[in-house]
Amino acid sequence: QLTMSLNSSTLLNEEKSQGLKRTSECLGSLELQTPSSFQDNPLQQLRLASQEVLEKAKKSGRSKCPRCSSSRMFYCYTCFVPVETVPTKEIPTVKLPLKIDIIKHPNETDGKSTAVHAKLLAPDDVTIYKYPCIPEYKEKRHELALVFPGPDSVSVKDIAFHLQKYSKKGVCDKDDDCSREPLLKQAKIEPKEEEENLNECISNNKGEGTRLKKIIFIDSTWNQTNKIITDERLQGLLQIELKTRKTCFWRHQKGKPDTYLSTIEAIYYFLVDYHQEILQENYKGQYDNLLFFFSFMYTLIKNAKCRAGKE
């Protein structure tokens, strides 16, 4: 997935260099806008924990990482921990309904990755791997899915059906008899009848979130994804595409559709859709804090651009 960074020190210097008149005029124009004017910015509607700790850290400037002592803004993107001016207890923790693996391209700059946001905010459910050091997924493909757009990608609402098909095709659990004949030959049923059986099975299992246990994301620029997506260890996995969401990312790559999301956006929107389509529960902001850092940086950059007269 597409990932970029906020060059914090440069941004802060840029903010300080702008005149107070331009700043007040810009912020005043933002305050006068009605909620409907923000309809293209879903970040405005998020239910987030207080970001006061980030406001204070911004004013203090860069601080040391408590583990490696590197100078960072807000968090250390190599150790996956907040810096000294951002107490861990003031950072929200998000509990996810399934595990997440993030595969990071080796040439993707650590400081440009939004994947670290997921690790910081959902540390118990997120694992980041640096390619080519990734797990073997083949034996578990009936309970995995990869978020990546492509000709064979399906929507979130169709996950249950397609994972059931993977299971029926002979991907066995530990207690299954893998020597048995394929379903169609063994039961001597027509494909249409098979589909009806699968739909019935899916309907009975919707409350259990189907068989999906882990979701995989690729963390890289779009031009780097080919090296990872063609890896044999990822072949045969169900692919999911988020076709209806638009990115709010501040460094979206030219020539790419606005449905190509940054890594943390893809994670967030997938979980929202999963919660509604698969778990079939009302969404009440349970995963909004995954955008805790992202939304703060988004606002910071939008204001800086406004003060600079770029918007």
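- As recorded in an unreviewed UniProt entry, the chain goes by the name tRNA-uridine aminocarboxypropyltransferase 1, listed as coming from Cepphus grylle.
- Within the UniProt record for the chain, the comment given under Sequence similarities (unreviewed entry) is "Belongs to the TDD superfamily. DTWD1 family."
- The annotation that UniProt attaches to the chain under Subcellular location (unreviewed entry) is "Nucleus".

## Structural notes on the pattern of salt bridges
Should the charged atoms of two oppositely charged side chains come close, the side chains can pair.
Line of reasoning, step 1. Using the criterion set out here, one finds nine salt bridges in the structure.
Line of reasoning, step 2. Arg245 is the partner of Asp273 in a salt bridge, and the nearest nitrogen-oxygen pair spans 2.6 Å. On the criterion of sequence distance, the pair formed by Asp273 in helix α9 (residues 263-277) and Arg245 in the loop between β9 (239-240) and α9 is long-range, its members being 28 residues apart.
Line of reasoning, step 3. Residue classification places Arg245 among the partly exposed residues on the basis of a relative accessible area of 22%.
Line of reasoning, step 4. When salt bridges with common partners are traced through the structure, they connect Lys95, Lys99 and Asp125 into a single cluster.

## Focus: the environment of Tyr131
Line of reasoning, step 1. Structurally, Tyr131 is set in the loop between β6 (126-130) and β7 (144-147).
Line of reasoning, step 2. The class of Tyr131 is buried, set by a relative accessible area of 9%.
Line of reasoning, step 3. The sequence separation of Tyr131 and His105 amounts to 26 residues, and the corresponding C-alpha distance is 5.4 Å.
Line of reasoning, step 4. When residues no more than four places from it in sequence are discounted, the contact partners of Tyr131 are Ile103, Lys104, Pro106, Lys227, Ile228, Asp231 and Arg233.
Line of reasoning, step 5. Only 2.6 Å separates the side chain of Tyr131 from the side chain of Asp231, close enough to count as a polar contact.

## Examining the packing of aromatic side chains
Line of reasoning, step 1. Within this structure, the stated rule accounts for seven aromatic pairs.
Line of reasoning, step 2. Ring geometry for Phe74 versus Phe296: centroids 5.6 Å apart, planes at 90 degrees, classification edge-to-face. Within this pair, whereas Phe74 is found in the loop between β2 (71-72) and β3 (75-76), its partner Phe296 is found in helix α10 (residues 292-307), the two being separated by 222 residues in sequence. The same class applies to Phe74 and to Phe296, which are both buried.
Line of reasoning, step 3. With a centroid separation of 6.3 Å and an interplanar angle of 80 degrees, the aromatic rings of Phe217 and Phe270 are classed as edge-to-face. Within this pair, whereas Phe217 is found in strand β8 (residues 214-219), its partner Phe270 is found in helix α9, the two being separated by 53 residues in sequence.

## Digging into the sheet that holds strand β5 (residues 99-104)
Line of reasoning, step 1. The five strands are arranged β6-β5-β8-β7-β9 in an open sheet whose pairing can be described as parallel. With partners counted over all chains shown, the strands left at the sheet margins are β6 and β9, one partner each.
Line of reasoning, step 2. Here β5 runs beside β6; their pairing, made up of five bridges, is parallel. Paired with Asp101 across the strands is Thr127, a residue of β6.
Line of reasoning, step 3. Packed onto the sheet, α9 meets β5, β7, β8 and β9 and runs at close to 155 degrees relative to β8.

Thresholds, definitions, all that
- Residues numbered from 1 in each chain as written.
- Predicted model: local features only at pLDDT ≥ 70, side-chain atom pairs only at ≥ 80, totals over all residues.
- Heavy atoms only, no water.
- UniProt positions renumbered as here; feature names shortened; annotations may be inferred.
- Salt bridge = Lys/Arg side-chain N within 4 Å of Asp/Glu carboxyl O.
- Helix = DSSP H or I, 4+ residues; strand = E, 2+ residues; numbered from the N terminus.
- Buried < 20%, exposed > 50% of the residue type's maximum accessible area, 1.4 Å probe, protein only.
- Contact = heavy atoms within 4.5 Å.
- Polar contact = N/O pair within 3.5 Å; in protein donor to acceptor, adjacent residues only side chain to side chain.
- Phe/Tyr/Trp six-rings, centres within 6.5 Å; stacked < 30°, edge-to-face > 60°.
- Pairing = 2+ DSSP bridges.
- Axes fitted to C-alpha atoms, helices over the stretch in contact; angles between N-to-C directions.

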